[in-house]
Amino acid sequence: MSCSPFDLKDYFFSELSNENRRAVDQHVAACAGCRQELVALNLTRTALLAVPDEEPPRRIAFVSDKVFEPRWWQTIWHSGPKLGFISAAMLTAAILVHAQRPVTAPQAPAPQVQTVASAPGITEDELNRRVQKAVAEVESRQAAKFEQVLAKQKQMDFDQRAQLVSLEENFNVMRKTMGVMYGYRASADNKVTQ
Amino acid sequence: MIFREVEESDLIARARRQDVEAYNLLVSRWERRIYNYLLRLVKDREDALDLSQDVFLKAYQNLGKLEDVSRFTPWLFRIAHNEAYSLLRKNRPETDLDASIEGVDWGEVSPGRGMLPVEVSLAIESAMSRLSADQREAVVLKIYQGFKFEEMAEILECPVSTVKSRLYSALDLLKDTLAPVQMRGVE
(Lines give C-alpha, C1' and ligand atoms only; values in the text may rest on other atoms or scores of the structure.)
Protein backbone atom coordinates (compact mmCIF):
# COMPACT_ATOMS: atom_id res chain seq x y z
CA MET A 1 0.00 0.00 0.00
CA SER A 2 1.42 3.35 -1.03
CA CYS A 3 1.89 6.11 1.54
CA SER A 4 1.70 8.83 -1.12
CA PRO A 5 -0.76 11.71 -0.46
CA PHE A 6 -2.42 10.93 -3.80
CA ASP A 7 -2.68 7.74 -5.82
CA LEU A 8 0.80 6.88 -7.04
CA LYS A 9 -0.56 5.20 -10.18
CA ASP A 10 -2.54 8.36 -11.07
CA TYR A 11 0.76 10.19 -10.66
CA PHE A 12 2.56 7.62 -12.80
CA PHE A 13 0.01 8.05 -15.63
CA SER A 14 0.06 11.87 -15.38
CA GLU A 15 -3.61 11.97 -14.41
CA LEU A 16 -3.17 14.28 -11.40
CA SER A 17 -3.73 18.02 -11.34
CA ASN A 18 -0.59 20.16 -11.25
CA GLU A 19 -1.08 20.95 -7.57
CA ASN A 20 -1.50 17.30 -6.55
CA ARG A 21 1.37 16.32 -8.78
CA ARG A 22 3.70 18.73 -6.98
CA ALA A 23 2.61 17.26 -3.65
CA VAL A 24 3.49 13.75 -4.84
CA ASP A 25 6.79 15.02 -6.28
CA GLN A 26 7.76 16.25 -2.83
CA HIS A 27 6.63 13.04 -1.17
CA VAL A 28 8.47 10.78 -3.61
CA ALA A 29 11.69 12.74 -3.16
CA ALA A 30 11.64 11.76 0.51
CA CYS A 31 10.07 8.27 0.30
CA ALA A 32 12.20 5.33 -0.90
CA GLY A 33 9.21 2.92 -0.91
CA CYS A 34 7.21 5.07 -3.33
CA ARG A 35 10.26 5.60 -5.52
CA GLN A 36 10.70 1.84 -5.71
CA GLU A 37 7.00 1.43 -6.62
CA LEU A 38 7.39 3.96 -9.42
CA VAL A 39 10.44 2.14 -10.74
CA ALA A 40 8.49 -1.14 -10.78
CA LEU A 41 5.62 0.50 -12.64
CA ASN A 42 8.01 1.96 -15.16
CA LEU A 43 9.71 -1.40 -15.72
CA THR A 44 6.30 -3.01 -16.23
CA ARG A 45 5.30 -0.45 -18.82
CA THR A 46 8.63 -0.75 -20.57
CA ALA A 47 8.26 -4.54 -20.72
CA LEU A 48 4.75 -4.25 -22.18
CA LEU A 49 5.83 -1.71 -24.78
CA ALA A 50 8.51 -4.12 -25.92
CA VAL A 51 5.70 -5.75 -27.94
CA PRO A 52 5.38 -3.05 -30.59
CA ASP A 53 2.45 -2.13 -32.83
CA GLU A 54 2.33 -3.83 -36.21
CA GLU A 55 1.63 -2.46 -39.64
CA PRO A 56 -1.69 -3.75 -40.98
CA PRO A 57 -0.96 -6.47 -43.56
CA ARG A 58 -3.15 -4.68 -46.10
CA ARG A 59 -4.28 -1.09 -46.37
CA ILE A 60 -7.93 -0.47 -45.68
CA ALA A 61 -8.96 1.18 -48.93
CA PHE A 62 -12.39 2.58 -49.47
CA VAL A 63 -12.28 4.67 -52.60
CA SER A 64 -12.93 1.72 -54.88
CA ASP A 65 -15.44 0.15 -52.52
CA LYS A 66 -18.95 0.30 -53.99
CA VAL A 67 -20.49 0.42 -50.55
CA PHE A 68 -18.92 3.81 -49.96
CA GLU A 69 -19.83 5.38 -53.27
CA PRO A 70 -22.73 7.80 -52.88
CA ARG A 71 -25.81 7.29 -55.04
CA TRP A 72 -26.18 9.61 -58.07
CA TRP A 73 -28.91 11.64 -56.35
CA GLN A 74 -26.77 11.97 -53.22
CA THR A 75 -23.92 13.32 -55.36
CA ILE A 76 -26.24 15.92 -56.87
CA TRP A 77 -28.01 16.71 -53.61
CA HIS A 78 -24.79 17.34 -51.71
CA SER A 79 -23.23 19.43 -54.46
CA GLY A 80 -24.50 23.01 -54.61
CA PRO A 81 -23.21 23.78 -58.11
CA LYS A 82 -24.55 20.53 -59.56
CA LEU A 83 -27.93 21.04 -57.92
CA GLY A 84 -28.03 24.63 -59.22
CA PHE A 85 -27.08 23.52 -62.71
CA ILE A 86 -29.74 20.80 -62.80
CA SER A 87 -32.37 23.22 -61.49
CA ALA A 88 -31.42 25.83 -64.09
CA ALA A 89 -31.51 23.22 -66.88
CA MET A 90 -34.97 22.07 -65.79
CA LEU A 91 -36.19 25.66 -65.68
CA THR A 92 -34.83 26.32 -69.17
CA ALA A 93 -36.50 23.18 -70.51
CA ALA A 94 -39.79 24.20 -68.90
CA ILE A 95 -39.59 27.68 -70.45
CA LEU A 96 -38.79 26.31 -73.90
CA VAL A 97 -41.61 23.78 -73.78
CA HIS A 98 -43.99 26.47 -72.62
CA ALA A 99 -42.89 28.82 -75.40
CA GLN A 100 -43.45 26.15 -78.09
CA ARG A 101 -47.02 25.44 -77.00
CA PRO A 102 -49.67 27.14 -79.21
CA VAL A 103 -51.62 29.78 -77.36
CA THR A 104 -55.31 28.85 -77.27
CA ALA A 105 -57.81 31.36 -76.00
CA PRO A 106 -60.49 30.01 -73.76
CA GLN A 107 -63.51 28.82 -75.68
CA ALA A 108 -66.31 31.33 -75.34
CA PRO A 109 -69.84 29.96 -75.31
CA ALA A 110 -71.49 30.03 -78.72
CA PRO A 111 -73.70 33.13 -79.13
CA GLN A 112 -77.38 32.56 -79.16
CA VAL A 113 -78.42 32.97 -82.79
CA GLN A 114 -82.01 33.79 -83.32
CA THR A 115 -83.50 32.41 -86.40
CA VAL A 116 -85.27 35.42 -87.78
CA ALA A 117 -86.29 33.86 -91.06
CA SER A 118 -88.92 31.86 -89.40
CA ALA A 119 -90.23 34.77 -87.32
CA PRO A 120 -93.70 35.83 -88.52
CA GLY A 121 -94.51 39.41 -89.76
CA ILE A 122 -90.94 40.60 -90.60
CA THR A 123 -90.25 42.39 -93.90
CA GLU A 124 -87.11 41.79 -96.04
CA ASP A 125 -85.69 45.24 -95.22
CA GLU A 126 -86.13 44.60 -91.56
CA LEU A 127 -84.45 41.22 -91.97
CA ASN A 128 -81.46 42.75 -93.80
CA ARG A 129 -81.13 45.44 -91.17
CA ARG A 130 -81.19 42.90 -88.39
CA VAL A 131 -78.62 40.69 -90.19
CA GLN A 132 -76.27 43.65 -90.76
CA LYS A 133 -76.63 44.61 -87.13
CA ALA A 134 -75.85 41.06 -85.97
CA VAL A 135 -72.82 40.83 -88.29
CA ALA A 136 -71.54 44.19 -87.01
CA GLU A 137 -71.92 42.99 -83.42
CA VAL A 138 -70.05 39.78 -84.16
CA GLU A 139 -67.22 41.64 -85.95
CA SER A 140 -66.95 44.07 -83.07
CA ARG A 141 -66.71 41.23 -80.53
CA GLN A 142 -64.09 39.43 -82.58
CA ALA A 143 -61.99 42.60 -82.95
CA ALA A 144 -62.09 43.14 -79.17
CA LYS A 145 -61.14 39.54 -78.53
CA PHE A 146 -58.25 39.78 -81.02
CA GLU A 147 -56.93 42.87 -79.28
CA GLN A 148 -57.14 41.03 -75.96
CA VAL A 149 -55.22 38.01 -77.23
CA LEU A 150 -52.61 40.19 -78.88
CA ALA A 151 -51.99 42.10 -75.64
CA LYS A 152 -51.69 38.83 -73.69
CA GLN A 153 -49.21 37.44 -76.22
CA LYS A 154 -47.09 40.59 -76.00
CA GLN A 155 -47.04 40.33 -72.20
CA MET A 156 -45.97 36.65 -72.37
CA ASP A 157 -43.18 37.47 -74.82
CA PHE A 158 -41.97 40.18 -72.49
CA ASP A 159 -42.07 37.80 -69.48
CA GLN A 160 -40.16 35.10 -71.33
CA ARG A 161 -37.47 37.55 -72.37
CA ALA A 162 -37.14 38.72 -68.76
CA GLN A 163 -36.83 35.11 -67.55
CA LEU A 164 -34.14 34.36 -70.10
CA VAL A 165 -32.15 37.43 -69.02
CA SER A 166 -32.51 36.35 -65.36
CA LEU A 167 -31.43 32.82 -66.26
CA GLU A 168 -28.36 34.08 -68.04
CA GLU A 169 -27.44 36.15 -65.00
CA ASN A 170 -27.88 33.10 -62.73
CA PHE A 171 -25.63 31.06 -64.99
CA ASN A 172 -22.93 33.68 -64.79
CA VAL A 173 -23.14 33.82 -60.98
CA MET A 174 -23.04 30.01 -60.78
CA ARG A 175 -20.02 29.79 -63.07
CA LYS A 176 -18.14 32.26 -60.88
CA THR A 177 -19.16 30.37 -57.71
CA MET A 178 -17.92 27.09 -59.14
CA GLY A 179 -14.64 28.74 -60.08
CA VAL A 180 -14.21 29.98 -56.51
CA MET A 181 -15.13 26.57 -55.03
CA TYR A 182 -12.74 24.66 -57.26
CA GLY A 183 -10.02 27.14 -56.36
CA TYR A 184 -10.76 26.63 -52.66
CA ARG A 185 -10.78 22.86 -53.03
CA ALA A 186 -7.49 22.85 -54.92
CA SER A 187 -5.87 24.96 -52.21
CA ALA A 188 -7.36 22.69 -49.49
CA ASP A 189 -6.00 19.60 -51.26
CA ASN A 190 -2.61 21.21 -51.52
CA LYS A 191 -2.74 21.94 -47.80
CA VAL A 192 -3.60 18.33 -47.02
CA THR A 193 -0.82 16.94 -49.21
CA GLN A 194 1.65 19.33 -47.60
CA MET B 1 -1.65 19.50 -32.61
CA ILE B 2 -4.37 22.16 -32.65
CA PHE B 3 -3.91 22.50 -36.41
CA ARG B 4 -4.26 18.74 -36.79
CA GLU B 5 -7.45 18.73 -34.69
CA VAL B 6 -8.93 21.53 -36.75
CA GLU B 7 -8.01 19.73 -39.89
CA GLU B 8 -9.48 16.51 -38.58
CA SER B 9 -12.78 18.15 -37.68
CA ASP B 10 -12.81 19.57 -41.19
CA LEU B 11 -12.25 16.08 -42.61
CA ILE B 12 -15.06 14.70 -40.45
CA ALA B 13 -17.40 17.48 -41.58
CA ARG B 14 -16.58 16.71 -45.22
CA ALA B 15 -16.99 12.97 -44.66
CA ARG B 16 -20.42 13.64 -43.16
CA ARG B 17 -21.35 15.22 -46.48
CA GLN B 18 -20.49 11.90 -48.20
CA ASP B 19 -17.02 13.08 -49.23
CA VAL B 20 -15.31 9.69 -49.70
CA GLU B 21 -11.93 11.28 -50.29
CA ALA B 22 -12.04 13.03 -46.89
CA TYR B 23 -13.09 9.81 -45.20
CA ASN B 24 -10.29 7.94 -46.92
CA LEU B 25 -7.84 10.37 -45.31
CA LEU B 26 -9.40 9.72 -41.90
CA VAL B 27 -9.05 5.98 -42.45
CA SER B 28 -5.41 6.29 -43.38
CA ARG B 29 -4.80 8.24 -40.16
CA TRP B 30 -6.55 5.78 -37.87
CA GLU B 31 -6.24 2.35 -39.47
CA ARG B 32 -2.95 1.46 -37.79
CA ARG B 33 -4.19 2.29 -34.29
CA ILE B 34 -7.55 0.60 -34.74
CA TYR B 35 -5.93 -2.48 -36.27
CA ASN B 36 -3.44 -2.84 -33.40
CA TYR B 37 -6.10 -2.25 -30.76
CA LEU B 38 -8.21 -5.00 -32.29
CA LEU B 39 -5.21 -7.27 -32.79
CA ARG B 40 -4.32 -7.04 -29.11
CA LEU B 41 -7.91 -7.97 -28.23
CA VAL B 42 -8.65 -10.76 -30.72
CA LYS B 43 -5.07 -11.93 -31.37
CA ASP B 44 -5.63 -12.87 -34.98
CA ARG B 45 -4.36 -10.73 -37.83
CA GLU B 46 -7.07 -11.65 -40.33
CA ASP B 47 -9.82 -11.15 -37.77
CA ALA B 48 -8.29 -7.83 -36.73
CA LEU B 49 -8.16 -6.71 -40.36
CA ASP B 50 -11.74 -7.78 -41.09
CA LEU B 51 -12.93 -6.08 -37.93
CA SER B 52 -11.02 -2.91 -38.85
CA GLN B 53 -12.82 -2.87 -42.18
CA ASP B 54 -16.17 -3.30 -40.41
CA VAL B 55 -15.31 -0.58 -37.91
CA PHE B 56 -14.57 1.98 -40.62
CA LEU B 57 -17.65 0.96 -42.59
CA LYS B 58 -19.91 1.37 -39.57
CA ALA B 59 -18.21 4.62 -38.62
CA TYR B 60 -18.85 5.98 -42.11
CA GLN B 61 -22.48 4.93 -42.05
CA ASN B 62 -23.06 6.42 -38.60
CA LEU B 63 -20.91 9.52 -38.86
CA GLY B 64 -24.05 11.66 -39.04
CA LYS B 65 -25.06 10.45 -35.58
CA LEU B 66 -21.82 11.66 -33.98
CA GLU B 67 -23.04 14.71 -32.07
CA ASP B 68 -19.70 16.15 -30.96
CA VAL B 69 -17.01 15.99 -33.64
CA SER B 70 -14.29 16.44 -31.00
CA ARG B 71 -15.28 13.04 -29.55
CA PHE B 72 -14.50 11.25 -32.80
CA THR B 73 -11.58 9.21 -31.39
CA PRO B 74 -13.35 7.62 -28.39
CA TRP B 75 -16.44 7.16 -30.57
CA LEU B 76 -14.38 5.27 -33.18
CA PHE B 77 -12.75 3.10 -30.51
CA ARG B 78 -16.17 2.42 -28.98
CA ILE B 79 -17.26 0.97 -32.34
CA ALA B 80 -14.06 -1.09 -32.45
CA HIS B 81 -14.66 -2.32 -28.89
CA ASN B 82 -18.19 -3.42 -29.81
CA GLU B 83 -17.01 -5.17 -32.95
CA ALA B 84 -14.27 -7.05 -31.08
CA TYR B 85 -16.56 -8.20 -28.30
CA SER B 86 -19.24 -9.16 -30.80
CA LEU B 87 -16.73 -11.43 -32.58
CA LEU B 88 -15.41 -12.91 -29.35
CA ARG B 89 -18.93 -13.68 -28.17
CA LYS B 90 -19.82 -15.21 -31.54
CA ASN B 91 -16.74 -17.42 -31.51
CA ARG B 92 -17.46 -18.73 -28.03
CA PRO B 93 -21.16 -18.26 -27.34
CA GLU B 94 -21.35 -21.10 -24.85
CA THR B 95 -18.75 -19.67 -22.47
CA ASP B 96 -18.33 -16.34 -20.79
CA LEU B 97 -16.17 -13.76 -22.48
CA ASP B 98 -13.30 -13.87 -20.05
CA ALA B 99 -12.92 -17.58 -20.58
CA SER B 100 -13.06 -17.18 -24.36
CA ILE B 101 -10.33 -14.57 -24.40
CA GLU B 102 -8.22 -16.52 -21.98
CA GLY B 103 -8.49 -19.42 -24.40
CA VAL B 104 -6.67 -17.40 -27.05
CA ASP B 105 -3.13 -18.49 -27.68
CA TRP B 106 -1.03 -15.42 -26.90
CA GLY B 107 1.89 -17.04 -28.54
CA GLU B 108 0.36 -16.58 -32.00
CA VAL B 109 1.73 -13.09 -32.32
CA SER B 110 5.47 -13.10 -32.21
CA PRO B 111 6.40 -10.02 -30.20
CA GLY B 112 8.78 -7.66 -31.88
CA ARG B 113 9.50 -10.11 -34.70
CA GLY B 114 12.27 -11.80 -32.75
CA MET B 115 13.75 -8.55 -31.48
CA LEU B 116 12.70 -9.24 -27.92
CA PRO B 117 14.58 -11.39 -25.45
CA VAL B 118 12.65 -14.66 -25.25
CA GLU B 119 12.36 -14.43 -21.51
CA VAL B 120 10.57 -11.05 -21.62
CA SER B 121 8.36 -12.16 -24.47
CA LEU B 122 7.22 -15.29 -22.67
CA ALA B 123 6.72 -13.40 -19.45
CA ILE B 124 4.45 -10.85 -21.18
CA GLU B 125 2.39 -13.59 -22.81
CA SER B 126 2.07 -15.42 -19.55
CA ALA B 127 1.20 -12.33 -17.52
CA MET B 128 -1.35 -11.04 -20.04
CA SER B 129 -3.07 -14.41 -20.24
CA ARG B 130 -3.73 -14.21 -16.51
CA LEU B 131 -5.73 -10.99 -16.83
CA SER B 132 -9.47 -10.86 -17.36
CA ALA B 133 -10.75 -9.49 -20.68
CA ASP B 134 -11.72 -6.20 -19.02
CA GLN B 135 -8.34 -5.82 -17.36
CA ARG B 136 -6.53 -6.63 -20.58
CA GLU B 137 -8.52 -4.08 -22.56
CA ALA B 138 -7.83 -1.44 -19.91
CA VAL B 139 -4.10 -2.13 -20.26
CA VAL B 140 -4.31 -1.95 -24.06
CA LEU B 141 -6.20 1.34 -24.01
CA LYS B 142 -3.90 2.96 -21.44
CA ILE B 143 -0.45 1.55 -22.13
CA TYR B 144 -0.60 0.93 -25.88
CA GLN B 145 -3.15 3.53 -27.00
CA GLY B 146 -2.37 6.22 -24.42
CA PHE B 147 -5.95 7.26 -23.66
CA LYS B 148 -6.86 9.38 -20.64
CA PHE B 149 -9.19 7.86 -18.06
CA GLU B 150 -12.11 10.01 -19.22
CA GLU B 151 -11.72 8.75 -22.78
CA MET B 152 -11.41 5.14 -21.61
CA ALA B 153 -14.63 5.54 -19.64
CA GLU B 154 -16.31 6.83 -22.80
CA ILE B 155 -15.06 3.93 -24.90
CA LEU B 156 -15.92 1.28 -22.34
CA GLU B 157 -19.13 3.02 -21.26
CA CYS B 158 -18.40 2.71 -17.57
CA PRO B 159 -17.39 5.09 -14.75
CA VAL B 160 -13.80 6.34 -14.47
CA SER B 161 -13.56 4.59 -11.10
CA THR B 162 -14.27 1.25 -12.80
CA VAL B 163 -11.67 1.94 -15.46
CA LYS B 164 -9.04 2.75 -12.83
CA SER B 165 -9.96 -0.30 -10.80
CA ARG B 166 -9.52 -2.62 -13.79
CA LEU B 167 -6.27 -1.02 -14.88
CA TYR B 168 -4.66 -0.85 -11.46
CA SER B 169 -5.54 -4.42 -10.51
CA ALA B 170 -4.11 -5.51 -13.87
CA LEU B 171 -0.95 -3.50 -13.28
CA ASP B 172 -0.44 -5.08 -9.88
CA LEU B 173 -0.59 -8.53 -11.48
CA LEU B 174 1.65 -7.56 -14.39
CA LYS B 175 4.13 -5.76 -12.17
CA ASP B 176 4.76 -8.84 -10.04
CA THR B 177 5.63 -10.85 -13.15
CA LEU B 178 7.18 -8.34 -15.51
CA ALA B 179 9.13 -5.91 -13.35
CA PRO B 180 11.62 -8.55 -12.09
CA VAL B 181 12.07 -9.90 -15.63
CA GLN B 182 12.62 -6.44 -17.05
CA MET B 183 14.96 -5.67 -14.16
CA ARG B 184 17.07 -8.71 -15.01
CA GLY B 185 17.07 -7.62 -18.66
CA VAL B 186 18.34 -4.18 -17.66
CA GLU B 187 21.00 -5.65 -15.42
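Residues numbered from 1 in each chain as written. Chains lettered and ligands numbered in written order. Predicted model: local features only at pLDDT ≥ 70, side-chain atom pairs only at ≥ 80, totals over all residues.

A. Examining the overall build of chain B more closely. Looking only at helices and strands, chain B has nine helices and zero strands in total. When the elements of chain B are put in sequence order from the N terminus, they spell out α-α-α-α-α-α-α-α-α. By residue count, 40% of the 187 residues in chain B fall in the buried class. For chain B, restricting intrachain contacts to residue pairs at least 6 apart in sequence, the fraction spanning at least 24 positions comes to 61%. (Helix = DSSP H or I, 4+ residues; strand = E, 2+ residues; numbered from the N terminus. Buried ≥ 20, exposed ≤ 12 C-beta atoms within 10 Å, placed from the backbone. Contact = placed C-beta atoms within 7 Å.)

B. Region of the structure containing the overall build of chain A. On a plain count of helices and strands, chain A comes out with six helices and zero strands. When the helices and strands of chain A are read in sequence order from the N terminus, they spell out α-α-α-α-α-α. Among the 194 residues that make up chain A, the fraction classed as buried is 8%. Considering only intrachain contacts with a sequence separation of at least 6, the fraction spanning at least 24 residues in chain A is 51%.

C. Representation of the nonpolar core within the structure. Counting 56 residues, the largest nonpolar core has B:L38, B:V42, B:L76, B:A80 and B:I124 as the members making the most contacts within it. It is helix 2 (residues 20-42) of chain B that contributes the most residues to this core, eleven residues altogether. (Core = buried A, V, L, I, M, F, W, Y, C linked by C-beta atoms within 7 Å.)

D. The arrangement of the environment of B:P159 in detail. Residues and elements named next belong to chain B. Inspection of the secondary structure puts P159 in the loop between helix 8 (149-156) and helix 9 (160-186). The class for P159 is exposed, based on 11 C-beta atoms found within 10 Å. Sequence separation between P159 and F149 is ten residues, and the spatial gap between their C-alpha atoms is 9.3 Å.

E. Quick look at helix 7 (residues 133-144) of chain B. Residues and elements named next belong to chain B. Taking 1.5 Å per residue as the helical rise, helix 7 with its twelve residues ought to reach 16 Å, and the 15 Å between its terminal C-alpha atoms agrees with that figure. The element helix 7 is largely enclosed, with a buried count of ten among its twelve residues. G146 sits one or two residues past helix 7 and shows a positive phi near 70 degrees. (Expected span 1.5 Å × (residues − 1).)

F. Unusual backbone geometry, seen in detail. In the Ramachandran plot, A:S14 falls in the positive-phi region, its phi being about 55 degrees despite a non-glycine side chain. Secondary-structure assignment places A:S14 in the loop between helix 1 (8-12) and helix 2 (18-30). Accessibility expressed as a C-beta count within 10 Å gives 8 for A:S14, which makes it exposed. Positioned with a positive phi, B:Q18 is a non-glycine residue whose angle comes to about 70 degrees.

G. Main features of the packing of helix 2 of chain B against helix 7 of chain B. Residues and elements named next belong to chain B. Between helix 2 and helix 7, whose axes approach to 10 Å, the crossing angle comes to 150 degrees. Taken together, the axis directions place helix 2 and helix 7 in an arrangement best described as roughly antiparallel. Between helix 2 and helix 7 the crossing geometry is right-handed. Contacts between helix 2 and helix 7 involve N36, Y37, R40 and L41 from the former and E137, V140 and Y144 from the latter. Split into classes, the residues belonging to the contact of helix 2 with helix 7 amount to four nonpolar, one polar and two charged. (Axes fitted to C-alpha atoms, helices over the stretch in contact; angles between N-to-C directions. Parallel < 35°, antiparallel > 145°, perpendicular 65-115°, else oblique. Left-handed = near helix turned anticlockwise from the far one by under 90°. Nonpolar A, V, L, I, M, F, W, Y, C, P; charged D, E, K, R; others polar.)

H. Helix 8 of chain B, seen in detail. Residues and elements named next belong to chain B. Listed in full, the buried residues belonging to helix 8 are E151, M152, I155 and L156. Seen from one end, helix 8 has its buried residues packed into an arc of 125 degrees, which puts them on one side. Once helix 8 finishes, E157 follows within two positions and takes phi at roughly 50 degrees, a positive value. (Arc of directions from axis to C-beta.)

I. Structural view of the packing of helix 2 of chain B against helix 3 (residues 45-62) of chain B. All names here are of chain B. Close contact between helix 2 and helix 3 brings their axes to 8 Å; oriented N to C, the two are set at 135 degrees. Accordingly, the angle class assigned to the pair helix 2 and helix 3 is oblique. Read as a crossing pair, helix 2 and helix 3 show a hand that is right-handed. Of the residues in helix 3, those touching helix 2 at Y23, V27, E31, I34, Y35, L38, L39 and V42 are R45, D47, A48, L49, L51, S52, V55, F56 and Y60. For the contact of helix 2 with helix 3, the class distribution of residues is 13 nonpolar, one polar and three charged.

J. Fine view of the confidence of the model for chain B. Residue and element names in this part refer to chain B. Residues with a pLDDT of 70 or more make up 78% of chain B, whose mean pLDDT is 82. Confidence, expressed as mean pLDDT per element, reaches its minimum in chain B at helix 5 (residues 97-102) with 48 and its maximum at helix 8 with 96. Here residues 99-115 scores under 50 on pLDDT; set against residues more than four positions off or in separate chains, the count is 25 contacts. Across the interfaces of the predicted complex, the ipTM metric reaches 0.78, alongside a pTM of 0.59. (pLDDT = per-residue confidence, 0-100.)

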